[in-house]
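# Analysis of the macromolecular model
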Amino acid sequence: MSDMHTTYYEFWQETASRIKDTLPEQEYNTWFNRIAYLKSEDKKVLLAGASQFILDTVIARYRDLIVNTLSELTGEDINVEFVVVSRSEIEQINKPEGTAKDKEEKAEPVQVQAKPKISSEKTLRMKEESNLNPSYDFGTFVIGDNSAFAYNASLAIAKNPGVSYNPCLIYGGVGLGKTHLLNSIGNYIINNTPELKVMYVTAEMFTNEFIESIGSQRTQHFKNKFRKVDVLLIDDIHFLQGKDSTQEELFHTFNNLYESKKQMVFTCDRPISELKNITDRLSSRFERGLNVDLQPPNYETRMAILKKKLVERGSSMSEEILNYIATNVCTNVRDLESSLTKLIAYSELLSQEISFDKAKELLGILPSLAANANQTLSIDTIIKVVGEYFNVSSFEIKGKKKNKSLIQPRQISMYLARDITEYSTTEIGTEFGGRDHTTVMHAYDRIESLMKGDEAFANTILKLKRDLINVKK
Ligand code: ADP
Ligand code: MG
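I will try to describe carefully the structure that is included in this document. (Residues numbered from 1 in each chain as written. Chains lettered and ligands numbered in written order. Predicted model: local features only at pLDDT ≥ 70, side-chain atom pairs only at ≥ 80, totals over all residues. Heavy atoms only, no water.)

Below, the discussion takes up the pattern of salt bridges. Inspection of every chain in the model, using the stated rule, returns 21 salt bridges. Glu249 is paired through a salt bridge with Lys223; the nearest N and O atoms lie 3.1 Å apart. Taken as a pair, Glu249 in helix H12 (residues 244-259) and Lys223 in helix H11 (residues 219-227) lie far apart in primary sequence, 26 residues in all. In this structure, the salt-bridge partner of Glu361 is Lys358, at a minimum N-O distance of 3.3 Å. Of this pair, Glu361 and Lys358 both sit in helix H17 (residues 356-364), three residues apart, which is roughly one turn of the helix. When salt bridges with common partners are traced through the structure, they connect Glu14, Arg18, Glu72 and Glu259 into a single cluster. (Salt bridge = Lys/Arg side-chain N within 4 Å of Asp/Glu carboxyl O. Helix = DSSP H or I, 4+ residues; strand = E, 2+ residues; numbered from the N terminus.)

Right under this line is the structure:
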């Protein structure tokens, strides 16, 4: 195994910093400034001291503390050994830049002072190990009102990992660019700060690897793998719903990385508050830091995306067709792309420009675009929009209070959720503070009958519905 996998340098740094917090400053400086991390081998950390006297004292007073802290942080039984080296060497090692040999070992920490030279071979290996998809980058991402915030946050993170927005959660419906942005962050970092170790995984890969590591009794290896990175990117964390032991594992990984200020970015197909069967302690970790959303693009952005994709593919198409796609495919970018792919493939097959009528005909059979149309609208958004209209909070709508001023907005929200999303009444009930599906059905019937008897009321509901459909677009 390469040296990179066996270095405990970061764990040593964290150990020293924890010990620093518990000792009087003078005491810490007296002893810990006179020892230094030399290197590590399999489960062994070698520390150097400037004299035998110093080492004897450190061993007598702090050895157990050091061993315990290191073992706790790494999750392994770590051995610590000590050797005497000259005082100037200790000072040299403890200087931020370190010695030449030392630089190699210190390549991993986020706050590296001097950029170590990284061979192209090493860069290549890091790229492979990172799991990133190299074809996604910021340059190919089209920014619209729907995505500007998420894009800017991602770029800021890529430029300064571990510094400001940590952790970050990017959430939004399917096909809106979550995976694209997440990979762009990773690729940017690898290309600009190659000394940082970046790891991209989907939550599914994380889960499978974890299960596998239990089966092969290599959980320690698994833990180390994820705790030794500088940047951890986990895609689609909604996959973790109901997977208790993987959640537990991620919780510990999270804490470990968070404490050592390593950057984490997650994506999810909905706001964290809408996840089910996720432990509170884990969801509170996801919500910490920055949460940004991706919404479906509006018409202008859809046009811009189509045009950019056309250029990327070296293809062309009439404005009329592009306009037709942008007008009719409102769901997400993936659907826009597949519409385009379909037309390009057809025209390449026949080696001729596609006509407007043919385009319409081909796109008419695109499966389930309409059916998907409402998937990206979340129940929380519905509750928020209705709440704003009636001037009550989302919290109150979801809550148990039975004031008249709350019952109606609550029932309207349930009605709209059932009317314009694909969620089942059971799922909707769960979103409204764990209510039964019969309550949702009752609310639906009640609002429907009120609408029949009261035109003004019906208009209010229709207006809300229109607003919501616009939110989505
Ligand atoms: P998600 O992970 O949210 O389901 P993806 O990141 O896989 O979505 O995006 C689906 C497809 O749409 C990808 O090919 C991606 O490159 C493209 N895409 C998404 N958003 C944009 C955007 N704003 N600009 C350009 N391409 C985009
Ligand atoms: Mg994705």
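Before going further, it helps to spend a moment on the environment of Val45. Tracing the backbone through its elements, the reader meets Val45 in strand S2 (residues 44-49). For the pair Val45 and Val333, spaced 288 residues apart in sequence, the C-alpha separation works out to 50 Å. Sequence-distant contacts of Val45, defined by excluding residues within four places in its chain, comprise Tyr8, Tyr37, Lys39, Ser40, Leu70, Ile78, Asn79, Val80 and Glu81. (Contact = heavy atoms within 4.5 Å.)

The next point concerns the pairing of strand S1 (residues 35-41). As judged from the six bridges shared by S1 and S2, these two strands associate in the antiparallel manner. By the bridge assignment, Lys39 is partnered in S2 with Leu46. Connecting the antiparallel pair S1 and S2 is a turn made up of two residues, with Lys43 showing a positive phi of about 55°. (Pairing = 2+ DSSP bridges.)

Let's shift gears to the packing of aromatic side chains. Tallying each qualifying case throughout the model produces 17 aromatic pairs. Look at Phe138 and Tyr151: their rings are 5.5 Å apart centre to centre, the planes differ by 80°, and that puts the pair in the edge-to-face class. Of this pair, Phe138 sits in the loop between helix H7 (120-130) and helix H8 (148-159) while Tyr151 sits in helix H8; the two residues are 13 residues apart in sequence, bridging distant segments of the chain. Its relative accessible area of 8% is what places Phe138 among the buried residues. Owing to a relative accessible area of 11%, Tyr151 belongs among the buried residues under this scheme. Ring centres of Phe206 and Phe222 lie 5.2 Å apart, and the angle between their planes is 65°; this geometry places the pair in the edge-to-face category. With Phe206 in helix H10 (residues 203-215) and Phe222 in helix H11, this residue pair connects regions lying 16 residues apart in the sequence. (Phe/Tyr/Trp six-rings, centres within 6.5 Å; stacked < 30°, edge-to-face > 60°. Buried < 20%, exposed > 50% of the residue type's maximum accessible area, 1.4 Å probe, protein only.)

Spatially, S5-S6-S7-S4-S8 is the arrangement adopted by the five strands of the open sheet, whose pairing is parallel. Two strands close off the open sheet at either side, each with one partner strand: strand S5 (198-202) and strand S8 (290-294). In this sheet, neighbouring strand axes are inclined to one another by 15° on average, regardless of whether the strands run parallel or antiparallel. In terms of strand pairing, strand S4 (residues 168-172) meets S8 through five bridges, oriented parallel. Bridging across to S8, Tyr171 finds its partner in Asp293. Against the sheet, H10 makes contact with S5 and strand S6 (231-235), and its axis sits at roughly 90° relative to S5, the strand it touches most. (Axes fitted to C-alpha atoms, helices over the stretch in contact; angles between N-to-C directions.)

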